[in-house]
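# Observations on the model geometry
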Amino acid sequence: QVQLVESGGGLVQAGGSLRLSCAASGRTFSNYAMGWFRQAPGKEREFVAGITWSGSNTDYADSVKGRFTISRDNAKNTVFLQMNSLKPEDTAIYYCAAPNSVSYYYTPRKYNYWGQGTQVTVSS
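Quick summary incoming for the structure in this document.

What counts, and at which threshold
Residues numbered from 1 in each chain as written. Predicted model: local features only at pLDDT ≥ 70, side-chain atom pairs only at ≥ 80, totals over all residues. Heavy atoms only, no water. Disulfide = S-S within 2.5 Å. Helix = DSSP H or I, 4+ residues; strand = E, 2+ residues; numbered from the N terminus. Buried < 20%, exposed > 50% of the residue type's maximum accessible area, 1.4 Å probe, protein only. Core = buried A, V, L, I, M, F, W, Y, C linked by side-chain atoms within 4.5 Å.

## Structural notes on the state of the cysteines
Here the structure, examined in full by the defined rule, presents 1 disulfide. Linked covalently through their sulfurs, C22 and C96 form a disulfide whose S-S length is 2.0 Å. One quick way to see it: the torsion about the S-S bond of C22 and C96 is about 45 degrees, and its sign makes the bridge right-handed. Of the two residues, C22 sits in strand β3 (residues 18-25) while C96 sits in strand β9 (residues 92-98), which places them 74 residues apart along the sequence. What makes C22 buried here is its relative accessible area of 0%. For C96, a relative accessible area of 0% puts it in the buried group.

Next comes the structure, spelled out in structure tokens:
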């Protein structure tokens, strides 16, 4: 059974940084892509970043390009999201997700496994 556990969320002032981690277990982590999504109150869950199984390809939502970086450590079964220059509009619950694929997708319904989420709050 695949399990994803996020950590690293919290309260930060605008302009600050946070690093989210997602620890995976239950299957060979390095065989699959990973993604980060977020959901703000009253809004739909949206794609933030994706990374292929090898880490060679990544992509980001336009709203976070240049500020967020997704990476993975296959030896530690962990994917990261480094978030810099945070803005109040980045406030949301952040989820990591895993598809049954070597490539990431932009739509949540393509992902088979989800973590419980971690709250990120950015104050102005």
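## Things to note about the nonpolar core
Nonpolar side chains in soluble globular proteins tend to end up buried together. Among the nonpolar cores identified, the biggest contains 28 residues, and W36, L81, M83 and Y94 are the most heavily contacted of them. Secondary structure elements with two or more residues in this core: β3, β4 (34-39), β5 (46-51), β7 (68-73), β8 (78-83), β9 and β11 (118-123).

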